[in-house]
Amino acid sequence: MSEAPELIRGLEGVVAAETALCDLDGAGGRLAYRGYDIADLARRATFEEVAHLLWRGDLPTKAQLDAFSAELVAARPIPDGLHAAFRLLPKAADPMRALQLSAAMLGALDPDAADNSPEANVRKAMRLTSQLATAICTHHRIRLGKEPVPPAKDLGHAANFLFMLTGERPPAVNARAFDASLILYAEHEMNASTFTTRVISSTLSDMHSAIAGGIGAIKGPLHGGAGEAVMLTLKEIGRVENVDAFVEKALGAKRRLMGFGHRVYRAGDPRAAVLRGLAEEACRLSGEGMWFEMAVRLHERVNRAKGLIPNVDFYSAPLFYALGIPVDLFTPVIVAGRIAGWTAHLLEQYQDNRLIRPRGKYTGPPRRQFVPLERR
Ligand code: SDX
């Protein structure tokens, strides 16, 4: 190893690990999970099938899916202690704080907490995937002063999420759109939050600690926090007629427009294309087509003015809004999808681990003699 390491800002383009989970073609704008194109998965699979694919290597047979889904359903309830913790939080607490607290507290209460074996980690991956969904909805109901809605045993993962959030069983078309969005968010190679979970697990720390770290990373507006920011931008613009003037003013002020640009995709984010179709239908069905029209016009104007592409968070914003998801729950919802990919990466990291420890390039003062206090 040369002692004059080369600085690569943001580790752009650095390959930090080998992975069999996700094939991300940035130049071609293509994405596949273990060889299956995400457009096919989003349109034809369920989140449960994709979680099985990521954790166990292939799409399940019917019998495997029934057994796998039953395990996820059984893992949905959360400990009473978490309800108590949510009641202690200020009503205005950021739901991402509640989510990070949930990962840590579930780690304290998990029966396999001290077991880092592959078998225990698969069990923890399933529990975290089911329990964090319940935690998001439970915290939301408690902060509204409402009773939590217990998970339904007869609904799939996506439909049950919407049920626990609203207390109403969702229309099949909404559950399907939400299922597809969880699939599209499930995995994305070495993004900042996934890398964070891998760094933490590379020290042989436990899965819950790594997930708590991933939640802290995805919270940022340059990452998972962008979805919420996109919806706030659309609300700031207010009407389709205002888009052109907004874009001119924003770009003139060199404002960073959330939902646009990507570190890896240059031609386009394939997830945005699928989410655009889902958002169009959901906005039309909810009678809020304006948000979709505004998003399309914003997309066109920003792309024309700056060549920026909409990323995954751009069209998921009007979609989630049309599905009745509160804006400050957009990032927790992204976590509800990405937990599948994070835990799949952790299984990979533990299986072939090497401590992740890059270098820093020193730019401070040259070596110098210590000066005692009385002479400073
Ligand atoms: C996600 O990595 C992943 O895979 C992430 C993700 C996943 O699934 O895990 O895909 C999910 O996080 C999507 C990205 C969500 N974030 C946003 O939408 C925030 C807005 N986007 C930008 O901040 C930015 O595009 C990043 C952070 C996404 C990527 O930034 P880079 O690769 O560091 O690029 P950059 O900031 O150096 O920008 C390059 C140029 C700059 O212009 P110059 O200063 O060279 O003139 O493009 C401009 C930037 O100003 N630019 C933008 C812009 N994004 C880039 N200008 C205005 N608005 C933007 N959104």
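Residues numbered from 1 in each chain as written. Predicted model: local features only at pLDDT ≥ 70, side-chain atom pairs only at ≥ 80, totals over all residues. Heavy atoms only, no water.

*Asks:* Hey, could you run me through the domain arrangement of the protein chain in this one?
*Replies:* Accessible area lost during the coming together of the parts is what is often quoted as the interface size. Domains assigned within the protein chain are domain 1 (22-173 + 187-219 + 336-351) and domain 2 (226-322). For domain 1 and domain 2, the distance between their C-alpha centroids amounts to 26 Å. Taken together, the contact between domain 1 and domain 2 spans 14 residues of the former and eleven residues of the latter. Where domain 1 abuts domain 2, roughly 860 Å² becomes buried across the two surfaces, and 70% of that area is made up of carbon and sulfur atoms. (Domains from an automatic or database assignment. Contact = heavy atoms within 4.5 Å. Buried area = accessible area lost by both parts, 1.4 Å probe.)

*Asks:* Teacher, can you tell me more about the site of the ligand here?
*Replies:* Neighbouring the ligand are 22 residues; His188, Leu257, His262, Arg263 and Arg271 lie closest to it. Between a nitrogen atom of the ligand and a main-chain N or O atom of Phe260, the distance comes to 2.9 Å. Arg271 is positioned with one of its side-chain polar atoms (N or O) 2.6 Å from an oxygen atom of the ligand. Look at the ligand: alone it shows 1,000 Å² of surface, and the protein chains cover 70% of it. A molecule is said to occupy a pocket when more than half its atoms come within 2 Å of that pocket's grid points, and by this definition the ligand occupies the largest pocket. Residues of the shell around the ligand, tallied by class, amount to eight nonpolar, seven polar and seven charged. (Near = heavy atom within 4 Å. Polar contact = N/O pair within 3.5 Å; in protein donor to acceptor, adjacent residues only side chain to side chain. Areas by Shrake-Rupley, 256 points an atom, 1.4 Å probe, with all protein chains shown as cover. 1 Å grid on protein atoms, 1.4 Å probe; cavity = no way out; pocket = protein on both sides within 12 Å on 5 of 7 lines; lining within 4 Å. Sits in = over half its atoms within 2 Å of the grid points. Nonpolar A, V, L, I, M, F, W, Y, C, P; charged D, E, K, R; others polar.)

*Asks:* Sorry if this is basic, but what is going on with the pattern of salt bridges here?
*Replies:* Opposite charge on two side chains lets them pair, provided their charged atoms get close. Inspection of the entire model under this criterion finds 18 salt bridges. As a salt-bridge pair, Arg297 and Asp244 come within 3.0 Å of each other at their nearest N and O atoms. You can see Arg297 sitting in helix α14 (residues 289-306) and its partner Asp244 sitting in helix α12 (residues 243-252), a full 53 residues away along the chain. With relative accessibility at 29%, the residue Arg297 sits in the partly exposed group. For Asp244, a relative accessible area of 30% gives the class partly exposed. (Salt bridge = Lys/Arg side-chain N within 4 Å of Asp/Glu carboxyl O. Helix = DSSP H or I, 4+ residues; strand = E, 2+ residues; numbered from the N terminus. Buried < 20%, exposed > 50% of the residue type's maximum accessible area, 1.4 Å probe, protein only.)

*Asks:* How should I be thinking about the side chain of His208 in this particular structure?
*Replies:* In this fold, His208 is placed in helix α10 (residues 207-218). Taking the relative accessible area as the measure of exposure, His208 reaches 3% and is therefore buried. What His208 contacts, discounting residues up to four positions off in sequence, is Ala103, Leu106, Gly107, Asp110, Lys124 and Leu128.

*Asks:* It is not clear to me how the layout of surface pockets should be interpreted in this structure. Could you clarify?
*Replies:* Take a probe with the size of a water molecule and roll it over the atoms, and the empty space left behind shows itself. Put simply, the largest pocket is a space of about 1,500 Å³. Lining the largest pocket are 45 residues, and of these Ala192, Leu222, His262, Arg263 and Val264 lie nearest its centre. Counting only elements with at least two residues in the lining of the largest pocket, the list comes to α9 (192-202), α15 (312-322) and α16 (330-351). Residue classes in the lining of the largest pocket are distributed as 22 nonpolar, eleven polar and twelve charged. Both domains that meet at the lining of the largest pocket, namely domain 1 (22-173 + 187-219 + 336-351) and domain 2 (226-322), each give it at least three residues. Taken as a whole, the second largest pocket spans an internal volume of roughly 780 Å³. (Points joined across faces, edges and corners; volume = space filled by probe spheres on them.)

*Asks:* Can you walk me through the pairing of strand β2 (residues 30-33) in this structure?
*Replies:* Look at any regular strand and the pattern is simple: side chains alternate between the two faces of the sheet. Of the strand pairs in this sheet, strand β1 (residues 22-25) and β2 are connected by four bridges, and their pairing is antiparallel. Following the sheet pairing, Leu24 is matched in β2 by Leu31. The antiparallel pairing of β1 with β2 creates a hairpin that spans four residues between the two strands, and Gly29 there sits at a positive phi of about 65°. Relative to strand β3 (residues 36-37), β2 runs antiparallel, the two sharing two bridges. By the bridge assignment, Tyr33 is partnered in β3 with Tyr36. Adjacent in sequence and paired antiparallel, β2 and β3 are bridged by two residues, among which Arg34 carries a positive phi angle near 50°. (Pairing = 2+ DSSP bridges.)

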